[in-house]
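# Remarks on the overall topology
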Amino acid sequence: MDNPVAKLPIGVFDSGIGGISVLAEIIKILPYEEFVYFADTLHAPYGDKPEDLVRALSIKAAEFLSSIGIKCLVVACNTATGAAINEIRKMCAFPVVGMEPAVKPAVELALNGKILVMATPLTLKSKKFNDLIRHYKHRSEIVPLPCPGLVEIVEKGHIHGQEIEDYLSRIFSTVDKEDVSSVVLGCTHFVLIKEEIKKAAGKEIVVIDGNYGTAKQVRTILKNERLLNVIFRERSEISLKTNIRFFISGNGKEVTRRCRQLLQNEGIICESEFSHCG
Ligand code: DGL
């Protein structure tokens, strides 16, 4: 017998458009699912705010998506995960998947050199991240690289061009690249500018993000919990009609347009509607 819960959408949230980089990976491996995406653009960026405030905002976002009716929540934001994942898990009756800078895959590559982690200042200060570094420090030298202000540039939709190039060349000028083997993108916004980061880092440095790993984790959990949406549709039909409802707390129309564009860049065309929400 069909489980009616399996027909519910997957909820995804971020402070803004960064979580779209995660959503795109999830859609690619779970094309039969429906989604609701909440971007808390009214309060973005999270990464330079006090942890208590980010925790409260993240809990509110989770409560909001939960009130719509979802079968699983993806916290597509490293900063919100670091600040609030335990509290969110406690309050949700469905599975909750968070983000974590992909330090483990970087360590497992066993390259010769330091691992640089680009993330928001709050992620790098979080207990979760510092526990992660402590766990792997006997295997690799892990160096945090805080990137204040970078989320704001990406959030404006400036994912190419001079402003990003200048920012990245300034931040990489503080690093001795000779010693670095890999860069971990510990913020979902930074995945949207991965090519620019690769250019700034240089050919020798491997750039790693955790989005595919997160998408696989979502699929595994839904499968184990028997929550996959099993309706069969032609693949060609699916790729034309990924169903996403966007909820945006600020500048909804423009942010939705950017989200759709970013998905389209990944070959995903979505049927969508958007609503403002506070
Ligand atoms: N995408 C969020 C992250 O992964 C950005 C946080 C922010 O708004 O500063 O950390």
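A brief structural summary. Keep in mind that this is a model prediction, so the values were computed, not measured. (Residues numbered from 1 in each chain as written. Predicted model: local features only at pLDDT ≥ 70, side-chain atom pairs only at ≥ 80, totals over all residues. Heavy atoms only, no water.)

## Notes on the nonpolar core
- Core analysis: the biggest nonpolar cluster contains 60 residues, and M118, L150, L168, F172 and L263 have the highest contact counts within it.
- It is helix α1 (residues 20-29) that contributes the most residues to this core, seven residues altogether.
- If we skip the residues at most four places from it in the chain, L150 touches M118, I164, Y167, L168, F190 and I193.
- Listed in part, the 24 residues of the second largest apolar core include Y46, I59, C92 and L122. (Core = buried A, V, L, I, M, F, W, Y, C linked by side-chain atoms within 4.5 Å. Buried < 20%, exposed > 50% of the residue type's maximum accessible area, 1.4 Å probe, protein only. Helix = DSSP H or I, 4+ residues; strand = E, 2+ residues; numbered from the N terminus. Contact = heavy atoms within 4.5 Å.)

## Quick notes on the pattern of salt bridges
- Evaluated as defined, the whole model comprises 16 salt bridges.
- With a closest N to O distance of 3.2 Å, D52 and R55 form a salt bridge. Of this pair, D52 and R55 both sit in helix α2 (residues 51-68), three residues apart, which is roughly one turn of that helix.
- Taking the shortest distance from any N to any O, the salt bridge between E108 and K104 comes out at 3.5 Å. Here K104 and E108 lie together in helix α4 (residues 103-108), a separation of four residues that amounts to about one turn.
- Taking the relative accessible area as the measure of exposure, K104 reaches 40% and is therefore partly exposed.
- The network of salt bridges with shared partners includes E51, D52, R55 and E87. (Salt bridge = Lys/Arg side-chain N within 4 Å of Asp/Glu carboxyl O.)

## What to know about the site of the ligand
- Not every one of the 13 residues close to the ligand is listed here, only the nearest: S15, Y46, G47, T79 and T188.
- The separation between an oxygen atom of the ligand and a polar main-chain atom of N78 is 2.9 Å.
- When isolated, the ligand has an accessible area of 290 Å², and the protein chains bury 100% of it.
- Going through the elements one at a time, α3 (78-91) and α9 (188-191) are the ones with two or more residues in the shell around the ligand.
- Taken together, the residues that form the shell around the ligand break down as five nonpolar, seven polar and one charged. (Near = heavy atom within 4 Å. Polar contact = N/O pair within 3.5 Å; in protein donor to acceptor, adjacent residues only side chain to side chain. Areas by Shrake-Rupley, 256 points an atom, 1.4 Å probe, with all protein chains shown as cover. Nonpolar A, V, L, I, M, F, W, Y, C, P; charged D, E, K, R; others polar.)

## Focus on the packing of aromatic side chains
- Counted according to the given criterion, the structure contains three aromatic pairs.
- Each ring, one from Y37 and one from F246, has its centre 6.0 Å from the other, and the planes form 70 degrees; the classification is edge-to-face. Taken together, the residues span a long stretch of sequence, with Y37 in strand β2 (residues 35-39) and F246 in strand β9 (residues 242-248) at a distance of 209 residues. Each member of the pair, Y37 as well as F246, carries the same accessibility label: buried.
- Ring geometry for F64 and F247: centres 5.1 Å apart, planes at 75 degrees, overall edge-to-face. Here the residue F64 occupies a position in helix α2, and F247 occupies one in strand β9, the gap between them amounting to 183 residues.
- The buried category is assigned to F247, whose relative accessible area is 8%.
- Taken together, the aromatic side chains of F38, F64 and F247 make up a single cluster linked through ring pairs.
- Its guanidinium or amino end placed over the ring of Y167, R170 lies 5.0 Å from that ring's centre, counting from NZ or CZ. (Phe/Tyr/Trp six-rings, centres within 6.5 Å; stacked < 30°, edge-to-face > 60°. Lys NZ or Arg CZ within 6 Å of the ring centre and 35° of its normal.)

In short, geometric facts, not functional conclusions.
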